[in-house]
Protein chains: 2
Amino acid sequence: MKIIFDMFGSDNGPEVLAQGIFAAMRREKGLEPVLAGDKEILSPILDKFEWDKQDVARARVEILDAKTVIANEDSPTMALKQKKDSSLVVAINALKERDDIHGMVSAGATGAVLSGGVLLLGRLEGVLRPALAPILPTADGRGVCVVDAGANMDCRPEYLVQFAKMGAAYMGSRGMESPRIGLLSVGVEDKKGNELTKEVFSLLKESGLNFLGNMEARDALSGKFDVLVCDGFVGNVLIKSVEGTAGLVVKMLKQSIMSSSSAKFGALFMKKAFERLRGGMDYHAGGGAPLLGVKKVLVKAHGSSNAVSAEAALLQAYNMIAARLPEKILANLAK
Amino acid sequence: MKIIFDMFGSDNGPEVLAQGIFAAMRREKGLEPVLAGDKEILSPILDKFEWDKQDVARARVEILDAKTVIANEDSPTMALKQKKDSSLVVAINALKERDDIHGMVSAGATGAVLSGGVLLLGRLEGVLRPALAPILPTADGRGVCVVDAGANMDCRPEYLVQFAKMGAAYMGSRGMESPRIGLLSVGVEDKKGNELTKEVFSLLKESGLNFLGNMEARDALSGKFDVLVCDGFVGNVLIKSVEGTAGLVVKMLKQSIMSSSSAKFGALFMKKAFERLRGGMDYHAGGGAPLLGVKKVLVKAHGSSNAVSAEAALLQAYNMIAARLPEKILANLAK
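Values in this document were obtained by computation on a predicted structure and should not be read as measured data.

Enquirer: How should I be thinking about the sheet that holds strand E10 (residues 227-229) of chain A in this particular structure?
Expert: The strands making up a sheet associate through hydrogen bonds between their backbones, and the pairing can be parallel or antiparallel. Residues and elements named next belong to chain A. Overall, mixed pairing links the 5 strands, which are arranged E6-E7-E10-E8-E9 in an open sheet. Here the strands that pair on one side only, and so sit at the sheet edges, are strand E6 (135-136) and strand E9 (211-216). In terms of strand pairing, strand E8 (residues 181-185) meets E9 through 5 bridges, oriented parallel. Following the sheet pairing, Gly182 is matched in E9 by Gly213. Helix-sheet contacts for helix H6 (residues 157-173) involve E6, strand E7 (144-147), E8 and E10, and the interaxial angle to E10 is about 165°.

Enquirer: Explain the pattern of salt bridges here, please?
Expert: Two side chains with opposite charge may pair up if their charged atoms get near one another. Tallied over the entire structure, the rule returns 40 salt bridges over all chains. A salt bridge links Arg27 of chain A to Glu311 of chain A, with the nearest nitrogen and oxygen atoms 3.4 Å apart. Separated by 284 residues along the polypeptide, Arg27 of chain A in helix H1 (residues 14-27) and Glu311 of chain A in helix H11 (residues 307-322) bring together distant segments of the chain. Its relative accessible area of 18% is what places Glu311 of chain A among the buried residues. Put simply, Glu15 of chain B and Lys48 of chain B hold a salt bridge, and the shortest N to O gap is 3.1 Å. Taken together, the positions of Glu15 of chain B in helix H1 (residues 14-27) and Lys48 of chain B in the loop between helix H2 (39-47) and strand E3 (62-65) put the pair 33 residues apart, joining distant regions of the chain. Looking at Glu15 of chain B, the relative accessible area reads 33%, which means it is partly exposed. Judged by relative accessible area, Lys48 of chain B falls into the exposed class, the value being 56%. In the salt-bridge network here, residues are joined through shared partners; they are Lys2, Glu62, Arg98 and Asp100 of chain A.

Enquirer: Looking at this structure, I do not really get the side chain of Asp231 of chain A. What am I missing?
Expert: All names here are of chain A. Mapped onto the secondary structure, Asp231 falls in the loop between E10 and helix H8 (232-258). Although Asp231 is buried, it makes no salt bridge; Arg129 carries the closest opposite charge, 12 Å away. In terms of polar contacts, Asp231 uses its side chain to reach the backbone amide nitrogen of Phe233, at 2.9 Å.

Enquirer: Is there a simple way to explain the state of the cysteines in this structure?
Expert: Residues and elements named next belong to chain A. Per the counting criterion, the structure on display carries 0 disulfides over all chains. For the unlinked cysteine Cys155, the closest cysteine sulfur is that of Cys230, found at 8.7 Å. Since its relative accessible area comes to 15%, Cys155 is described here as buried.

Enquirer: Explain the nonpolar core to me, please; I cannot follow it from the model alone.
Expert: Soluble globular proteins tend to bury their nonpolar side chains together. Membership of the largest hydrophobic core comes to 98 residues, with the highest contact counts inside it found for Ile4 and Leu238 of chain A together with Ile4 of chain B. Leaving out residues up to four positions away in the same chain, Leu238 of chain A has contacts with Val146, Leu184, Ala217, Ala220 and Leu228 of chain A together with Val237 and Ser241 of chain B.

Enquirer: Mind showing me how you'd approach the side chain of Asn236 of chain A here?
Expert: Note on placement: Asn236 of chain A falls in helix H8. Not counting residues within four places of it along the chain, the set of residues in contact with Asn236 of chain A comprises Ala149 and Gly150 of chain A together with Val186 of chain B.

So, how was this worked out
Residues numbered from 1 in each chain as written. Chains lettered and ligands numbered in written order. Predicted model: local features only at pLDDT ≥ 70, side-chain atom pairs only at ≥ 80, totals over all residues. Heavy atoms only, no water. Pairing = 2+ DSSP bridges. Helix = DSSP H or I, 4+ residues; strand = E, 2+ residues; numbered from the N terminus. Contact = heavy atoms within 4.5 Å. Axes fitted to C-alpha atoms, helices over the stretch in contact; angles between N-to-C directions. Salt bridge = Lys/Arg side-chain N within 4 Å of Asp/Glu carboxyl O. Buried < 20%, exposed > 50% of the residue type's maximum accessible area, 1.4 Å probe, protein only. Lys, Arg positive; Asp, Glu negative; His and termini not counted. Polar contact = N/O pair within 3.5 Å; in protein donor to acceptor, adjacent residues only side chain to side chain. Disulfide = S-S within 2.5 Å. Core = buried A, V, L, I, M, F, W, Y, C linked by side-chain atoms within 4.5 Å.

This is the structure we're talking about:
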């Protein structure tokens, strides 16, 4: 299965991404990565791996040459038009045009990846607005999908109903039967919310989805819901506040520990507990966020991706393709 | 200084509130609490305190009899009309009518407190929409005020500009010179955001406030900002996700500790570090959330208030009155 990887535009450069791709190839023998980016940089990186020793055929990797890069500072739509030879545009065009490429991962500029998905790759038939759908960690380890997490700032009620259906298809493709949908609001009562969510509430009630009703942000990570539906502005605030708060709590605990010698002594014995916590909250290990509703599988990996997150995002795309997610989304929207 | 305390409608009952009030009276000798609620319940509670032993004159406390209670399940506007003898309505009416009462605290039903503030007490002249303004803890201990945190679901740009001015007056009254204002958005770039925030951005640029620009939710608790401006729906999502995430991280750490005997041993030595962390994140110790923009000081304490939070909320109201906050808000709005 061929999946294209946009090798440029991330914070940590192509080498760590290549390490993750190599690791993913060891895990999934059917995976054939296509790397988009400057061949003169990528070839020497690939030369360093122990292909034969690790029993991975180098012939499974293809490089698609692309000489420039879209930066975070570039205007997304301008850059897509002007930088036709960028790794991102070359990758998306190959994804669109080549029948043998089924999905794509990019850790590049978020705005350009989202715009490229919508404008170059195109929407699935009937999709009003593709939506970004990262999975946040929950206490029980199942994870919860937030859709939309930032692709659409101003939304109409029908968009959010489609977000719910696409999110349900996505979580369904990960083995969850009848995913539990929550509408992010300011209280659990039916009438709580703003004009948008009140309309969406009525529509979701009649959607045939497993809609549990309104939910509050304090229950986002509780494990009571599999899909949280919201507009992209609110979803973005939610995921970033989760990230910021988790970071602050850990930082405050560290400060507390460093200010006391008995606590420092105790921390020695708690090292593994801290590591397990970090593992549980680590978004790198969770892969990336798919843009749901475009014609093929497209995963936006974190801009600060390391080898672990590149591997996870690639395997995530692999599993989404294997589960035929775009077809499942089409089927859910038609219901 | 007389401040009225709505003694009923909170989760933990009037006794813990009374304990907090007694503690506040010991701290501030000029504080004269007026307790609204059923006299037959409140008098025996007051009888239990060691007034003379602790050198607190019982004559400083007044009870305003009120026989019923507004519950969380009641429709706020209906309840305000029908339950004229509720502790909340009696309290707000006394606040409005009596010149000797300068502020109020309630730990009762949020919707009813907010509606009561707007409909019964009334807005300051020129205020378009009063707004709820809790202070979240930051790493540096200064705290950050989120306004609006849930009083106004659907907002026009002018409302948010006033939220910024009222929040600046509030943080100014707490000793912060030229409070740093951030507009909650999805990125730090000037053009990021939804239709509402884009308009607000332009207006704040010209407001004369110390406006630092757009900020992301991940920086909400960073200490880089003193006032975060947003609509009440988004603000409510923000504060509840901070609360939920902090709770989850602590829970996950506890689980990690309990699953390992060496970590359990280590935790013994870290007990104080955990306690300091809890102290830092404890919203009980921070008091309540004021409703900014109404005619007198009105503080909504947490529904699950204990003695510590009741004391903190009462002292907070005391300080807001001493700083003449309503006048400061009027002055800021006129600028």
